[in-house]
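# Report on the structure
Each chain is listed here by its residues.
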Amino acid sequence: MRTELKCLNRRRARAKLTGSKCSALIAQHSVLTLALGAWLFALSGPAEAQQPRKVPRVGLLLSASIAETAPWINAFRHGLRELGYVEGKNIILEIRRGDAKPDQVSDLAAELVNLEVDVIVAAGNPAVHAAMKATTRIPIVIRTATDPVKAGYVASLARPGGNITGVTSINLALSGKRLELVQETVPGVKRVAVLTTASNFTATGQYKEMEATARVLGSKLQILKALDPDTIDSAFVAMTKERAQVVVVTPHARYLQHGERILKQAAKYRLPAIYFHSLLVENGGLMSYGANVTDEFRRAAIYVDKILKGAKPADLPVEQPRKFELVINLKTAEQIGLTIPPNVLARADRIIR
């Protein structure tokens, strides 16, 4: 019996010793695990602090000058704010204006590429051409007055392909409609002056559309090239000599840049003129017909947001205008002695008094 008790006690002692060793090993393992975790945390903490989340940088490349582009830039900023972007906090804007000078715009486009912006928003044909030449890698959101397919910017409106998408106001295709509107405003017009920047304007689709409309309305077109204040003055002298009765100003960033000169000459010769942009009417022009450009810049912000969130320009359809607006300045009509017909006034989307 005593022998059996001794054996039992020895087994209990061995079990107790084994349990103690296990507990010690478990405790030692826990300490090592905690130490390793603390060490890894210490290593990862500074690394995260040294690599903060990148703030996206967006380049805004504009063909026109400061005065003309201010409303558009404000509209673009407003569109970004509506999407939750706060400039300087979660987005950075790099704004460049080219004053309608192709060489200058090209240099500015290259500058934005060197800054490695995440997206370029290019407004106006000179800016679009410059951005396309500068990069095929950085996404480009365009705002243009031309048909982007015919201009070679995109493969199609539905599937742009490449690194370009955006919005188009197809302003150049509206010249026939502008001619029709100004002739309704001034009944019996036989001579129409057309202000253009293009040397080969008669070879363009814009001219062909206007010429077809003029034939139907029984009027004759006088094409006048004007690029700067001096040639604008000369053009108005020439149209006066030919007894032009109305003026159609074709879309171009230069005519926004030199808008004050055009408005001054139209007022001087008391010539009714129709423009492509409401900004010119707000500054004293008689009337305009075209897309709402301010709205187009707000919509450009939507494209930027989608691209920053991972969408590819190639898969984002190019948007066409949702609405065209007719804007009339009654004060200007009174100054040149013109009464706007009631049927034209009734169609106006906005009247400036």
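Structure first, text after, so check above.
Residues numbered from 1 in each chain as written. Predicted model: local features only at pLDDT ≥ 70, side-chain atom pairs only at ≥ 80, totals over all residues. Heavy atoms only, no water.

## Description of the overall build of the chain
What counts is decided by this rule: Runs of E in the DSSP output that reach at least two residues are strands. Runs of H or I that reach at least four are helices, and both are numbered from the N terminus. Two residues form a contact once any of their heavy atoms are found within 4.5 Å. Surface accessibility follows the Shrake-Rupley procedure with a 1.4 Å probe radius. Residue values consider only the protein chains on display as shielding.
Within the chain one finds 13 helices and twelve strands. Of the contacts made within the chain by residues no fewer than 6 positions apart, 70% connect residues no fewer than 24 positions apart. Accessible surface computed for the chain: about 18,500 Å², of which carbon and sulfur atoms make up 55%.

## With respect to the pattern of salt bridges
Our working definition: The salt bridge criterion pairs a side-chain nitrogen of Lys or Arg with a carboxyl oxygen of Asp or Glu, the two atoms within 4 Å.
In the structure shown here, the tally under the stated rule is 17 salt bridges. A salt bridge links Glu184 to Arg347; the nearest nitrogen and oxygen atoms lie 2.7 Å apart. Here the residue Glu184 occupies a position in helix α5 (residues 175-185), and Arg347 occupies one in helix α13 (residues 342-347), the gap between them amounting to 163 residues. Here Glu211 ties to Arg215 by a salt bridge, and the two come within 2.1 Å at their closest N and O atoms. With Glu211 and Arg215 both in helix α6 (residues 205-217) and four residues apart, this pair spans about one turn of that helix. Connected through salt bridges with shared partners, the residues Arg57, Glu94, Arg96 and Glu111 form a single ionic network.

## Here we look at the sheet that holds strand β12 (residues 350-352)
What counts here: By this definition, two strands are paired if DSSP reports at least two bridges between them. For helices, the fitted line uses only the C-alpha atoms of the stretch in contact; every axis is such a line through C-alpha atoms, and the angle between N-to-C directions lies from 0 to 180 degrees.
Reading across from one edge, β7-β6-β8-β9-β10-β11-β12 is the order of the seven strands in this open sheet, with mixed pairing throughout. The sheet is open, and its two borders are formed by β7 (220-225) and β12, each paired with just one other strand. Here the strands of the sheet are splayed against their neighbours by 20° on average, with no regard to which way each runs. Sheet analysis places strand β11 (residues 324-329) next to β12, joined by three bridges and oriented parallel. Bridge pairing links Asn329 to Ile352 in β12.

## Some words on the sheet that holds strand β2 (residues 92-97)
Taking strand neighbours across the sheet as the criterion, the five strands line up as β2-β1-β3-β4-β5 in an open arrangement whose pairing is parallel. Each edge of the open sheet carries a strand with a single partner, namely β2 and β5 (164-168). Strand-to-strand twist across the sheet, computed as the mean angle between neighbouring axes with direction ignored, equals 15°. With five bridges connecting them, strand β1 (residues 57-62) and strand β3 (residues 119-123) associate as parallel partners. Paired with Leu62 across the bridge in β3 is Ala123. Contacts between helix α4 (residues 125-134) and the sheet are confined to β1, β3, β4 (140-144) and β5, with β3 contributing the most and set at about 145° to the helix. Against the sheet, helix α11 (residues 293-308) engages β1, β3, β4 and β5, with an angle of about 170° to β4.

## As for the side chain of Arg299
What counts here: Exposure classes here rest on a 1.4 Å probe applied to the protein chains alone. A residue is buried below 20% of its type maximum, exposed above 50%, and partly exposed in between.
Residue placement: Arg299 occurs in helix α11. Given the relative accessible area of 3%, Arg299 is considered buried. Each residue touching Arg299, except ones within four places of it in the same chain, is listed here: Val167, Glu319, Gln320, Pro321 and Arg322.

## A short note on the packing of aromatic side chains
How we decide: Classification of ring pairs uses Phe, Tyr and Trp, with its six-membered ring standing for Trp, and accepts pairs whose centres are within 6.5 Å; under 30 degrees between planes counts as stacked, over 60 as edge-to-face, and the remaining range as tilted.
Per the counting criterion, the structure on display carries four aromatic pairs. Between Trp72 and Phe297, the aromatic rings sit 5.4 Å apart at their centres with planes inclined by 15°, giving stacked as the arrangement. One end of the pair, Trp72, is in helix α2 (residues 66-82); the other, Phe297, is in helix α11, with 225 residues separating them in the sequence. In this pair, the class of Trp72 matches that of Phe297, namely buried. For the ring pair Phe201 and Tyr207, a centre distance of 5.9 Å and an interplane angle of 75° mean the geometry is edge-to-face.

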